[in-house]
Amino acid sequence: MSHLFEPLTIKDITLRNRIGVSPMCMYSYINGFSNDWQVIHLGARAVGGAGLIIAEATAIDPIGRITPYDLGIWSDEHIEPLSRVTRVIKENGAVAGIQIAHAGRKAGSRRPWDSGKPRHPDELPSWQGVGPSPIAFSDDYAVPHELSVDEIRQIQDSFRAAAGRALSAGFEWLEIHAAHGYLLHSFYSPISNQRSDEYGGSFENRIRFLLETVRAVREVWPERLPLTVRISGTDWVDGGWSVEDSVQLARHLKAEGVDLIDCSSGGGVAQAKVPAGPGYQVPISEAVRHGADILTATVGLITAPEQADEIIRNGRADLVLLGREMLRDPYWALHAAQVLKQPAPVPPQYLRAF
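Following the criterion strictly, the structure yields seven aromatic pairs and no others. Considering the side-chain rings of Phe187 and Phe209, the 4.5 Å spacing of their centres and the 85° angle between planes classify their relative orientation as edge-to-face. Residue Phe187 is located in helix α4 (residues 183-188), and its partner Phe209 is located in helix α6 (residues 208-218); the two are separated by 22 residues in the primary sequence. When the centroid spacing of 5.6 Å and the interplanar angle of 10° are considered together, the rings of Phe203 and Trp241 count as stacked. On the criterion of sequence distance, the pair formed by Phe203 in helix α5 (residues 203-206) and Trp241 in the loop between β10 (227-232) and α7 (243-255) is long-range, its members being 38 residues apart. Trp241 matches Phe203 in its accessibility class, with the two residues each being buried. Here Lys106 stacks its cationic end above the ring of Tyr182, 5.0 Å away from the centre of that ring.

Rendered as structure tokens:
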């Protein structure tokens, strides 16, 4: 029986435990360039004992940023600053992962602490969001530009190039962001996709953009390294994307060479009523794991060591990703090991405190 502190091996990469830092936007960068904040932020959590550290949503294109302050990987100049991040993560015993992303129709917002609402067109820098159809995310958002097939191909090329840069920067775990109402999710959800061409209508057409993007990334991302996809397991509204759809999508992704599905939910429908509570997204991970016979990660209000351990021991996920709890306690993994009476990877410099 697996448990929270049993190593997890995927391809040539072994995580020292089943604890990961979920990708969380910091909105702290200029022109997409990594900086000391990211080195300290993620390095501290590697010191804190997590097995996997996933760098936040990293834009493949300037107009794919959620805010003007997002991290970026759309140019070769972004590689060297990111290599500082991977170096400090690896030197402290964790695996360095990155999430590559395009915000789609939800791009161009203010930072959460600056209200989080969409920016006005006269605020510089300013850009129009893009999506499968000219349908705004909400009344607060502008109507996005409907992507042409040629523009879809260009974005897929950008995902491919971003994956190559991530490899050059030293990342050994790649996650494609296809959740939370951002571009790839907006294509597979019937709520936001009203197209009538080969990228809209049927289930097979709506997942086409994502599957083709995975194939493009696979051209440059080595087979020996894990390739994962974060999905929104459900839109939480009638007539939207469902858990059953996610199981079917996961089967397709597995056939394309995806190693693990990171199961989140929501974000695509502004008025959705999400039943948030401790571990509320774990049933999505469990359904996808067993329905598609693929490794999964789970997220969502997981805070207690016993809670995380139960998820792994009962086969509900293979990896537990923590977000806000890791912001509160960078050393959560070390404390969890103590609670669960497991060996803890305490840095020798900190042994006197443990």
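By size, the foremost hydrophobic cluster in this structure holds 94 residues, and its most contacted members are Ile100, Ile176, Leu210 and Leu249. If one sorts the elements of this core by residue count, helix α3 (residues 149-168) sits on top with six residues. Beyond its immediate chain neighbours, meaning those up to four positions away, Ile100 contacts Thr58, Ile60, Ile73, Phe159, Ala162, Ala163, Leu174, Glu175, Ile176, His177 and Val217. Listed in part, the six residues of the second largest apolar core include Tyr27, Ile66, Ala107 and Tyr182.

Once that is clear, we can look at the environment of Val21. When you line up the elements, Val21 lands in strand β3 (residues 19-21). In this structure the C-alpha to C-alpha distance between Val21 and Leu321, which are 300 residues apart in sequence, comes to 5.4 Å. Ignoring anything within four residues of it in the chain, the contact list for Val21 reads Arg45, Ala50, Leu52, Ile53, Ile54, Leu321, Leu322 and Met326.

Attention now goes to the environment of Ser196. By the element assignment, Ser196 lies in the loop between α4 and α5. With relative accessibility at 79%, the residue Ser196 sits in the exposed group.

Burial within β10 is extensive, with six of its six residues counted as buried. When strand β9 (residues 173-178) meets β10, the two strands line up parallel, connected through five bridges. By the bridge assignment, Ala178 is partnered in β10 with Ile231. Once the chain exits β10 it traverses α7 before rejoining the sheet at strand β11 (residues 260-264), and the crossover so formed is right-handed.

Glancing now at the pattern of salt bridges. Taken as a whole and assessed by the stated rule, the structure comprises 21 salt bridges. Glu6 is the salt-bridge partner of Arg18, the closest N and O atoms lying 3.8 Å from each other. Of this pair, Arg18 sits in the loop between β2 (13-15) and β3 while Glu6 sits in the segment before β1 (8-10), placing them 12 residues apart in sequence. A salt bridge links Arg153 to Glu212; the nearest nitrogen and oxygen atoms lie 3.5 Å apart. One end of the pair, Arg153, is in helix α3; the other, Glu212, is in helix α6, with 59 residues separating them in the sequence. You can call Arg153 partly exposed: its relative accessible area is 36%. Residue class for Glu212 comes out buried when judged on its relative accessible area of 19%. Three or more residues are tied together by salt bridges with common partners; here these are Lys11, Arg218, Glu223 and Asp259.

Rules and cut-offs
Here the residue numbering is sequential within each chain, running from 1 through the sequence in written order. In keeping with the predicted nature of the model, local features appear solely for residues at pLDDT of at least 70, side-chain atom pairs appear and are counted solely at 80 or more, and the whole-chain, interface and lining totals rest on all residues. Neither water nor hydrogens contribute to the side-chain values; these are computed over all heavy atoms in the structure. To pair, rings of Phe, Tyr and Trp, with the six-membered ring standing in for Trp, must have centres within 6.5 Å; the planes then decide the type, stacked if under 30 degrees apart, edge-to-face if over 60, and tilted in the middle. Secondary structure elements follow DSSP: runs of H or I no shorter than four residues count as helices, runs of E no shorter than two count as strands, and numbering proceeds from the N terminus. Each residue is assigned to one of three classes by its accessible area relative to the maximum for its type, calculated with a 1.4 Å probe on protein chains only: buried under 20%, partly exposed between the two thresholds, exposed over 50%. In this scheme, the term charge over a ring applies when either NZ of a lysine or CZ of an arginine sits within 6 Å of the ring centre and within 35 degrees of the ring normal. Nine residue types can take part in a nonpolar core, namely buried Ala, Val, Leu, Ile, Met, Phe, Trp, Tyr and Cys, and a core is a set of them joined through side-chain atoms within 4.5 Å. In what follows, residue pairs with any heavy atoms lying within 4.5 Å of each other are defined as contacts. Should DSSP find at least two bridges between two strands, the strands are taken to pair. When the strands point away from the viewer, a crossover counts as right-handed if the path from the first strand over the helix to the second runs clockwise. Counted as salt bridges are all cases of a side-chain nitrogen of Lys or Arg within 4 Å of a carboxyl oxygen of Asp or Glu.

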